[in-house]
Amino acid sequence: MLSQAERWIKAAILEVQEFVQLVGAVFRAMVSPPYYRRDVILQFEAIGIGSLMVVSLTGFFTGAALALQTGQTLDRFGARTLVGQLVSASMIRELGPVLTALMLAGRVGSGIAAELGSMAVTDQINALRALGTDPLRKLVVPRVLAVTLMAPVLTVIADTFAIVAGWLISVTNLGVGSSTYWTAVLEGLYLGDAWQGIIKPFVLGFVIGTIGCHVGLRTSGGTQGVGRSTTNAVVVASVLVIAVDFFLTPLLMRVVY
Amino acid sequence: MTVTAERSPALEEALGPGSPIVVFDRVSLAFDDKVVLREISFTLIKGQTKIFLGASGSGKSTILKLIIGLLKPDSGVIWVNGERVDDKGEADLMKVRTDLGMVFQEGALFDSLTVAENVGYKLLEEGMPDAQVWDRVGEVLGFIGLGEYADRMPSELSGGQRRRVAIARAMAYKPRILLYDEATTGLDPMMADTVDNEIIKLRDLEEISSIVVTHQLRDAFRVATHEARRDGTDIRIVTAGAEKAEEAEFIMLKDGVIHFEGHATDLRQSRDPYLRSFLS
Ligand SMILES: Nc1ncnc2c1ncn2[C@@H]1O[C@H](COP(=O)(O)OP(=O)(O)OP(=O)(O)O)[C@@H](O)[C@H]1O
Ligand SMILES: [Mg+2]
């Protein structure tokens, strides 16, 4: 029994070690040629444009629900007019980055793991190496770059949709005037919030991209293995998104305000 | 980005005709607790052929992957084209691989690229001008009988067609050593003969050294007992003379060790019960 536990711990440590090595290798590959520019552009399209719809919808409905909920709570303090401030602050600082990242973990993290996973089990990764191409540069770097750089952009889009949805709810449902709402939105915004709202998704995007690639490349065991990898990538990336956000929040609060 | 290995004249001479081009010296490899190869040694001479036989799971594909550096042995030394590959990092292996072509067992074509892009992949990567690449791609595809399929995606091909594209991809950049992992499995006899003839022609006319892994004895014997001759502009495949037949050697793997090593005639005459059951 003990040996079983020992083996498990050993495997876990080995896997973390491999992940750290992958991250190191990604950084090295980013600063030295050859670069695969065409693959980078393709991934930006696939990951960025492809996620636009999901992220906008998520932002919109979150903002609407937030406005409805907080409108009621704020009423107890007679502060219903501050609904704009609440929506914008909670979205930009916390919900925008985390929800966008969770959506990306589900959509992009799984996609990367499935794609690289099926390439691994059909020897396509080996074929790349045999033909003299470094899979890290050809496959991993473009994907990691695309998620890392698109995550902040998509987060800003989600935030925007949320604030607009909050405005619609405030006007139609809470009886808060347009100008009152927008004034509250602007007054509630600090520069620090904006920084937090941009830096967080940057880090979370990097986590999603590297986890997806790591899990995908290690896939073995045929099509079943690909299924397992896809699920693992989503679960691990989602949990990490929330955990990293938790640790990042106090750190950023100290740095950016 | 063409990488040509700098070689000293002495090494160049040592690598001339009749010299070893792939050497395994007591190579062992285990996956977890399962020993796949146990102190395997063999030598492939330049321009000659080694044919690996063995039951499923006996380690044939593993040997090819070791040669091209996709796997590392637990112990032992592997030389390929004058370079040690068992202790090389990925970056140094890339140089060795410019002279190696491998046909993977399931083809391993890139799903996201067309047939032509697959075949021309390495040439494009090396920065050869597009027009030249497509010329060469057309040439090798025509050769393998898939000229009209250039713009198809691999998913639109049959298993045998995929295999042929994989062969085209491996030979497109004219490597000096070709590794065939079950290149003829799943092909009809006519197509298998075409592929066998191709292996023979590359070996006899282009001095390409080959390692052939196969389950199909018919193809193994065909490659071992035929040779290609140039008759003016014609190329003919004829039964090999005694000397030429000596240049193809069979290796039979069993339980991680070499169970038999010898020429086609030795194999046919062997009284060994395991070999007999394998041959029948
Ligand atoms: N990556 C791996 N991890 C664990 N075991 C492996 C791995 N690759 C191969 N093996 C094991 O090594 C043994 C040899 O595999 P190999 O693919 O070389 O067999 P083979 O002779 O090519 O078989 P076949 O004729 O079926 O292709 C098999 O038992 C296989 O299960
Ligand atoms: Mg095999």
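Now for a description of the structure that goes with this document. (Residues numbered from 1 in each chain as written. Chains lettered and ligands numbered in written order. Predicted model: local features only at pLDDT ≥ 70, side-chain atom pairs only at ≥ 80, totals over all residues. Heavy atoms only, no water.)

A few words on the interface of chain B and chain A. Counting residues at the interface gives 17 residues for chain B, matched by 14 residues for chain A. Counting each side, the surface lost to burial between chain B and chain A is near 1600 Å², with a carbon and sulfur contribution of 57%. Linking chain B with chain A are 2 salt bridges, by the criterion used here. Elements with a minimum of two residues in the side of chain B that touches chain A: α3 (90-97) and α5 (121-125) of chain B. (Contact = heavy atoms within 4.5 Å. Buried area = accessible area lost by both parts, 1.4 Å probe. Salt bridge = Lys/Arg side-chain N within 4 Å of Asp/Glu carboxyl O. Helix = DSSP H or I, 4+ residues; strand = E, 2+ residues; numbered from the N terminus.)

Restricting attention to buried positions, one finds in α3(B) the residues Leu93(B), Met94(B), Val96(B) and Arg97(B). Down the axis of α3(B), the sector holding all buried residues measures 160°, keeping them to one side. Residues of α3(B) that are buried make contact with α4 (124-130) of chain A together with β4 (75-80), β5 (83-84), β6 (100-103) and α5 of chain B. (Buried < 20%, exposed > 50% of the residue type's maximum accessible area, 1.4 Å probe, protein only. Arc of directions from axis to C-beta.)

Looking now at the packing of helix α5 (residues 135-174) of chain A against helix α6 (residues 178-187) of chain A. Residue and element names in this part refer to chain A. Remark: α5 packs on α6, axes separated minimally by 9 Å, with the N-to-C direction vectors making an angle of 145°. Between α5 and α6 the crossing geometry is right-handed. Residues Ile163, Gly166, Trp167, Ser170 and Val171 of α5 form the contact with α6, whose own contacting residues are Ser178, Tyr181, Trp182 and Val185. For the contact of α5 with α6, the residue count by class is 6 nonpolar, 3 polar and no charged. (Axes fitted to C-alpha atoms, helices over the stretch in contact; angles between N-to-C directions. Left-handed = near helix turned anticlockwise from the far one by under 90°. Nonpolar A, V, L, I, M, F, W, Y, C, P; charged D, E, K, R; others polar.)

Residue and element names in this part refer to chain A. The N-to-C vectors of helix α3 (residues 83-121) and α6 enclose an angle of 40°; their axes lie 7 Å apart at closest approach. Judged by the inter-axis angle, α3 sits oblique to α6. As for how α3 packs across α6, the hand of that crossing is right-handed. Contacts between α3 and α6 involve Val83, Gly84, Gln85, Val87 and Ser88 on the former and, on the latter, Tyr181, Ala184 and Val185. (Parallel < 35°, antiparallel > 145°, perpendicular 65-115°, else oblique.)

All names here are of chain B. With distances of 1.9 to 2.3 Å, the protein atoms coordinating the magnesium ion (ligand 2) are Ser61 (OG) and Gln105 (OE1). With Ser61 in helix α2 (residues 60-67) and Gln105 in the loop between β6 and α4 (115-119), the pair connects residues that are 44 residues apart, well separated along the chain. When its relative accessible area of 29% is taken as the criterion, Gln105 is described as partly exposed. (Donors = N, O, S within 2.8 Å, 3.2 Å for Na, K, Ca; no water.)

This brings us to the site of ligand 1. All names here are of chain B. Residues in close proximity to ligand 1 total 14 residues, the closest being Ser56, Lys60, Ser61, Thr62 and Gln105. One of the backbone nitrogen or oxygen atoms of Ser58 is found 3.2 Å away from an oxygen atom of ligand 1. With respect to ligand 1, the side chain of Ser61 contributes an N or O atom lying 2.7 Å from an oxygen atom. Alone, ligand 1 offers 640 Å² of accessible surface; in the complex the protein occludes 63% of this. (Near = heavy atom within 4 Å. Polar contact = N/O pair within 3.5 Å; in protein donor to acceptor, adjacent residues only side chain to side chain. Areas by Shrake-Rupley, 256 points an atom, 1.4 Å probe, with all protein chains shown as cover.)

Here we take up the sheet that holds β6(B). Residue and element names in this part refer to chain B. Taken together, 6 strands build an open sheet; the order of strands is β6-β7-β8-β3-β11-β12 and the sheet is mixed. Here the strands that pair on one side only, and so sit at the sheet edges, are β6 and β12 (257-262). Within the sheet, the average angular offset between the axes of one strand and its neighbour, ignoring direction, is 15°. Across 4 bridges, the pairing between strand β3 (residues 49-54) and strand β8 (residues 209-213) is parallel. By the bridge assignment for β8, Lys50 is matched with Ile211. Against the sheet, helix α9 (residues 217-225) contacts β3 and β11 (248-254), and its axis sits at roughly 160° relative to β3. (Pairing = 2+ DSSP bridges.)

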